[in-house]
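Each chain, letter by letter, is given below.
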Amino acid sequence: MAWPIFTPLDRHKVGSGFLLGAVEGTALPVFTAAGGKFTNTWDTAWKQLGRTTEDGINITFGQENASYQSSQEAYPFLTKVTSRSVNVGFTLYEYNKQNMKMALNGGNWSVTGSGATEVATYTPALPGQETYSMLAWIGPNDDEVCLIYKAFSSAEVSMDMTRDDPRPLPLNMQAQQPLAAISNVPYRWYVAGDAYADPS
């Protein structure tokens, strides 16, 4: 049997895209597309998180399995997924009140004065009173979106104060099971046009 000539679809992906963040429960967009790109608007409560380091943005889909094997067979006769995870890792170069609250799972900022006389004070959330965030990754070509409905900053936040480099703010956002009224799954991946079309 002769195999057909390989014809690449030229649908490789380059670039890190960017991130939007919001508090849990913020209005979700209604996705629309034209010309193979998303055209919908986002609620003003969704804010860009800003620049990330050269390591970019890493989205990891993980799972743990349990396999069952009998004494009569060399291979498992049944494998079940026992847990799943979605983690979004990135390091920001942008410091602002929203990003700090996302990194530290809530808390409150109190502000007195304004402009050059402003004094802002951050008070962390007490244990058990942490809050969740929503997170959206938008691809560099505006044809992909990964929307996480409920996310929790699950890793240590270590701020390196050095002489020469901008201070980084590392985050690892772990998807959580959202309220059923919002979604029955923790994330969805949206694609505009034929960006993910299967080969013919």
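Right, let's walk through the structure included here. Position numbers for residues start from 1 in each chain and track the written sequence from start to end. Predicted model: local features are reported for residues with pLDDT of at least 70 only, side-chain atom pairs are reported and counted for 80 or more only, and whole-chain, interface and lining totals are derived from all residues. With hydrogens and water set aside, each side-chain value is computed from the structure's full complement of heavy atoms.

**Notes on the overall build of the protein**
1) Next: We count a stretch as a helix when DSSP gives it H or I for four or more residues in a row; a strand needs E for two or more, and each element gets its number in order from the N terminus. When you go through the protein residue by residue, the secondary structure sums to 1 helix and 12 strands.
2) Next: In the protein, the succession of α and β elements from N to C terminus is β-β-β-β-β-β-α-β-β-β-β-β-β.
3) Next: Based on C-alpha atoms, the radius of gyration is set beside the globule rule, defined as 2.2 Å times the residue count to the power 0.38. Relative to a compact globule of 200 residues, whose C-alpha radius of gyration would be 16 Å, the protein shows 21 Å and is clearly more extended.
4) Next: In terms of principal-axis extent, the alpha carbons of the protein reach across some 80 × 50 × 45 Å.
5) Next: Residue burial in the protein is summarised as follows: out of 200 residues, 28% are buried.
6) Next: Here the analysis covers contacts within the protein between residues at least 6 apart in sequence; of these, 64% occur between residues at least 24 apart.
7) Next: For the protein, the computed accessible surface area is about 13200 Å², with 52% contributed by carbon and sulfur atoms. Relative accessibility under 20% of the residue-type maximum defines a buried residue, over 50% an exposed one, and the middle range a partly exposed one, all with a 1.4 Å probe and only protein chains included. In this analysis, two residues are considered to be in contact whenever any of their non-hydrogen atoms come within 4.5 Å of each other. For every accessible area listed, the method is Shrake-Rupley and the probe measures 1.4 Å; residues are considered covered only by the protein chains on display.

**Focus on the side chain of Thr26**
1) Next: Relative to the helices and strands, Thr26 is located in the loop between strand E1 (18–23) and strand E2 (33–34).
2) Next: A polar contact of 2.8 Å, which involves the side chain of Thr26, links it to the backbone oxygen of Val23.
3) Next: Not counting residues up to four positions away in its chain, the partners in contact with Thr26 are Asp43, Ala45, Trp46 and Met134. Any pair of N or O atoms that falls within 3.5 Å is considered a polar contact. Within protein, one atom must be able to donate a hydrogen and the other to accept it, and sequence-neighbouring residues count only if both atoms are side-chain atoms.

**A closer look at unusual backbone geometry**
1) Next: Of note, the phi angle at Asn105 is positive, near 55 degrees, even though the residue is not glycine.
2) Next: Within the secondary structure, Asn105 is located in the loop between helix H1 (97–103) and strand E7 (108–112).

**Brief notes about the packing of aromatic side chains**
1) Next: Pairing of aromatic side chains requires ring centres within 6.5 Å, counting the rings of Phe and Tyr and the six-membered ring of Trp. Pairs whose planes differ by under 30 degrees are stacked, by over 60 edge-to-face, and all others tilted. Under the defined criterion, the tally for this structure stands at 9 aromatic pairs.
2) Next: Between the aromatic rings of Trp42 and Trp46, the centroid separation amounts to 5.1 Å while the plane-to-plane angle is 75 degrees, which identifies the pairing as edge-to-face.
3) Next: Among the residues examined, Trp42 registers a relative accessible area of 21% and is labelled partly exposed.
4) Next: Residue classification places Trp46 among the buried residues on the basis of a relative accessible area of 6%.
5) Next: Ring plane angle 50 degrees and centroid distance 6.2 Å describe the contact between Phe61 and Trp189, whose orientation is recorded as tilted. Highlighted residues: Phe61 in strand E5 (residues 52–68) and Trp189 in strand E12 (residues 187–191), separated in sequence by 128 residues.
6) Next: Among the aromatic residues, those joined into a ring-pair cluster are Phe31, Phe38, Trp42, Trp46 and Tyr190.
7) Next: Counting as a charge over the ring demands two things of the Lys NZ or Arg CZ atom: a distance within 6 Å of the ring centre and an angle within 35 degrees of the ring normal. The positively charged end of Lys150 is found above the aromatic ring belonging to Tyr132, 4.2 Å away from the centroid.
8) Next: Across the ring face of Tyr95, the terminal group of Arg167 is positioned such that the distance to the ring centre comes to 5.4 Å.

**Comments concerning the environment of Val185**
1) Next: In this structure, Val185 sits in the loop between strand E11 (169–175) and E12.
2) Next: Residue class for Val185 comes out partly exposed when judged on its relative accessible area of 29%.
3) Next: Sequence-wise, Val185 and Gly128 are 57 residues apart; in three dimensions their C-alpha atoms are separated by 23 Å.

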